[in-house]
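Each chain, letter by letter, is given below.
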Amino acid sequence: MKKFISAQDASNINSLIERALAHKSNPLANQELGKNKTLGLLFLNPSLRTRISTQIAAKNLGMEVIVFNVDKEGWQLEFSDGVVMNGNTSEHVREAAAVLGQYVSILGVRSFPGLTDREKDYSEYIINSFVKFSGVPVVSLESATLHPLQSLADVVTIREIFGTGRKPKVAMTWAPHVKALPQAVPNSFAQWINAWGDCDFTIAHPEGYELDTAFTKGATITNNQDEALANADFVYVKNWSAYHQYGKILSSDHSWMVTTKKIEKTNHGKVMHCLPVRRNVVIEDGVLDGPNSIVVQQAGNRVWSAQAVLEQILKSL
Amino acid sequence: MKKFISAQDASNINSLIERALAHKSNPLANQELGKNKTLGLLFLNPSLRTRISTQIAAKNLGMEVIVFNVDKEGWQLEFSDGVVMNGNTSEHVREAAAVLGQYVSILGVRSFPGLTDREKDYSEYIINSFVKFSGVPVVSLESATLHPLQSLADVVTIREIFGTGRKPKVAMTWAPHVKALPQAVPNSFAQWINAWGDCDFTIAHPEGYELDTAFTKGATITNNQDEALANADFVYVKNWSAYHQYGKILSSDHSWMVTTKKIEKTNHGKVMHCLPVRRNVVIEDGVLDGPNSIVVQQAGNRVWSAQAVLEQILKSL
Amino acid sequence: MKKFISAQDASNINSLIERALAHKSNPLANQELGKNKTLGLLFLNPSLRTRISTQIAAKNLGMEVIVFNVDKEGWQLEFSDGVVMNGNTSEHVREAAAVLGQYVSILGVRSFPGLTDREKDYSEYIINSFVKFSGVPVVSLESATLHPLQSLADVVTIREIFGTGRKPKVAMTWAPHVKALPQAVPNSFAQWINAWGDCDFTIAHPEGYELDTAFTKGATITNNQDEALANADFVYVKNWSAYHQYGKILSSDHSWMVTTKKIEKTNHGKVMHCLPVRRNVVIEDGVLDGPNSIVVQQAGNRVWSAQAVLEQILKSL
């Protein structure tokens, strides 16, 4: 694997899942693989879970990790070619990426969308520039439109809990929030569930919240949350801002919050969320504190998923 | 030891002191103990000495260390139960702590008091939430009302210099400052000296600066600094804001600054301070630059104290 | 080597260069040398290249690294003696440096000039205070007036490309910029090239941009860029603010930008810059994207130069 920025970079999702679960049961079995290799983690936006879980995954493989949180440092990169850089940008990504590529064996990059210019965000010009100019494998730590390390942890969690043999019914439902959030997590979850092909997959959201069909095609899509949740084995809860009326909040309809009552209509459905989650806005306390919530286990699986990805990249170095 | 947030968590202070001094003379004797264990250090407020000394202590024990300085990142945690999180808080400590507990073997937490609501600060709801929800041992890196790693270093320093056989006369004196500071360091020093029981202990402060008797009881308390310092073997200097008129600065009486002249009335008294110290406000230059100051040795001992604590926790994992 | 803050601290530049190139061909040959030693990197100003390259260099030598980015933390140090610290400074460097010296084996410090008070900046009171009070070897990570780790990487790069046998013609040229920048990089490059003695060295800048002769003496100095670049083997491009009219921008003359056309007049001159570089302000796109640019290789060599310096200091511990 030479990059990991989309489900399309995973040639075999089931084998990644198996490796993740193998790392979970034996975290340190591959400590020699990453020895004397360095993972650089570049955060153009803040991160808690991704940063820590990826650091631990890399350490488990024997790698050194260098974190650079540049989101607060006013290190403004230029991404356009041919520009006279007499404004606010102080370094071009051509140099920045190439230099980082001199220093690290694998480069992780986090960068959120601006949510104002859809075409620009969906071009993924930021992470693609690092892929193009760094000269080393690049791992997305969440980009403008996708979050593959999260999605891999999500499918690992579904497999871990549900096992094989039968296709689980997976419902992803929009839920309200007070801020305009990226589509990266729902896009990515949809992309992975579809690419994996091992689920019966439904997406529920209010009208206007249709996601990019590049990621959702193959899923059943409905504006009826009850319908989607009925008999679901897994309920993936997430807010996102509109894709078509780009970055807008079209609804804050409280009735879309996921409640204990709604979960009762599922098939003992396990409730998933990428975290952080606003309690009693997105999901009710009773759900998060009850036996159906697997959000902490899901967050824990971020380590093993990252480890499976790093392992595969290390093997290709 | 399953947590370290108060002197009450130390079942045997003398044995912790002995271990700290043993680490000082042989820092790397226990490098296998923490192998493949991770220490997470969560800073909700800034830290220099505590952060670095604890990192080194953990490394000396073979641990990996992950630092997350979230004080600047606008990661606002919710601590109240049942709240509709539609305001500024983006994650509940129930999730935050539980997820961190998935990633690390031991969790250190620093969190300062607000100094406006005494009851809230003294409930120690922040660090207690991490104890309750993380599922791993929690070490205080200074909480709202206590700073046990500092206090352990303080008693280690007293023992190292004074030896055993005779009880040293220890005077803790309030000194002026320009800002309203927490009571954590003086509370904690008083708590540890009292729990240790190996000192003749006096506390001096201007009227109105009485500390919580939960920590000070057992000590002689006076408003006369000269009296407290007379024949003292150790003079612990520290400013704090008022406990009863909570968080208030009631005095900036310059005559409480610790000067060379005052130290002459002690028994060649060693001068201690947790640092940082404002020179010529809290303590006079002549004292800090003279032979009685042990503040740098005291700060150095932070490493060995943290190492003793982490060692004891690692042994209980 | 007991400190590394100037070319004068390098007793033998050629031997440092040789060691740097040896590390480049065999990065991990000296992994035992730094074992159980800690490098502390204190950033009073931001850093990307220096921070990462020095971290990797130290890891290659088996050291632990602790980074403290205090530039954003409002940790204001006092450097003047005898001051009553009732203002904004909360800790005196006498304590800060001494305490850091308790924690680390080698201390790196980055601190930029204020560019308003030349005498103060050129006294190098900040880094010199750490040298004086820390009690451990201090490495400059760029100080007010010099940047020796950069300059060593620069001479390493020249040697690596040009080999020995003939003196390369090296031209350092001022180029325009939108901000007032320190003189540290050009001062330091001049100091090293002069101390090395292995180059035919010319400096070109507009009138008024004369650097401190303490660093430039020995070099040919001209206001004619064409003259300086003619037949140059290496063109070192850099903006700086005025030394005499201290910190001022006296010119933004676009005609000093380094262009493809200008490079054609050199002897297939290799173009160097310490980065970050503002494209089409300092250097034209065509140069940076063309075969003459060695800026990425030069940045890569920061690792090996830092490793050579740390190695020599470790050997003297």
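Structural notes, computed from the coordinates. What you see is a predicted model, and the numbers here were worked out from it, not measured in a lab.

## Re the sheet that holds strand β12 (residues 270-272) of chain C
Residue and element names in this part refer to chain C. Reading across from one edge, β10-β9-β8-β11-β12 is the order of the 5 strands in this open sheet, with parallel pairing throughout. Looking at strand neighbours, the two that pair on one side only are β10 (220-222) and β12, the edges of this open sheet. With strand direction ignored, the average angle separating the axes of adjacent strands in the sheet is 20 degrees. Here 3 bridges tie strand β11 (residues 234-238) to β12, and the two strands are oriented parallel to one another. In the strand pairing of β12, Phe234 is matched with Lys270. Most of the contacts of helix α6 (residues 148-162) go to β11, to which it runs at about 155 degrees, and overall it touches β8 (169-174), β11 and β12.

## Comments concerning the pairing of strand β6 (residues 106-110) of chain A
Residue and element names in this part refer to chain A. Burial of β6 is extensive: 5 of the 5 residues sit out of reach of the surface. Burial along β6 is two-sided: the residues Ile106, Gly108 and Arg110 and Leu107 and Val109 are all buried. Inspection of the sheet shows strand β2 (residues 38-43) paired to β6 by 5 bridges, in the parallel sense. Each residue of the ladder has a partner; that of Leu39, found in β6, is Ile106. Note: β6 against strand β7 (residues 138-140), 3 bridges, orientation parallel.

## Observations concerning the interface of chain B and chain C
If you look at the interface, chain B gives 28 residues, while chain C gives 27 residues. Taken together, the two surfaces of chain B and chain C that pack against each other cover about 2,400 Å², and 60% of this comes from carbon and sulfur. Of all residues in chain B, B:Leu48, B:Arg278 and B:Arg279 give up the largest surface area on contact with chain C, accounting jointly for 24% of the area buried on that side. Applying the counting rule to chain B against chain C returns 4 salt bridges. Note that B:Arg279 and C:Glu95 form a salt bridge whose closest N and O atoms lie 2.7 Å from each other. Elements with a contribution of two residues or more to the side of chain B that touches chain C: α2 (49-60), α11 (285-288) and α12 (295-316) of chain B. Ranked by the residues each element gives to the side of chain B that touches chain C, the list is headed by α2(B), at 7 residues. Residues belonging to the side of chain B that touches chain C are distributed by class as follows: 14 nonpolar, 5 polar and 9 charged.

## A look at the sheet that holds strand β7 (residues 138-140) of chain C
Residue and element names in this part refer to chain C. With respect to topology, 5 strands assemble into an open sheet ordered β1-β7-β6-β2-β3, the strand pairing being parallel. Each having just a single partner strand, β1 (3-4) and β3 (64-69) make up the two edges of the open sheet. Both β1 and β7 contribute to a ladder of 2 bridges, which runs parallel. Residue Lys3 lies in a different strand from β7, and its bridge partner there is Val138.

What counts, and where the lines are drawn
Residues numbered from 1 in each chain as written. Chains lettered and ligands numbered in written order. Predicted model: local features only at pLDDT ≥ 70, side-chain atom pairs only at ≥ 80, totals over all residues. Heavy atoms only, no water. Pairing = 2+ DSSP bridges. Helix = DSSP H or I, 4+ residues; strand = E, 2+ residues; numbered from the N terminus. Axes fitted to C-alpha atoms, helices over the stretch in contact; angles between N-to-C directions. Contact = heavy atoms within 4.5 Å. Buried < 20%, exposed > 50% of the residue type's maximum accessible area, 1.4 Å probe, protein only. Buried area = accessible area lost by both parts, 1.4 Å probe. Salt bridge = Lys/Arg side-chain N within 4 Å of Asp/Glu carboxyl O. Nonpolar A, V, L, I, M, F, W, Y, C, P; charged D, E, K, R; others polar.

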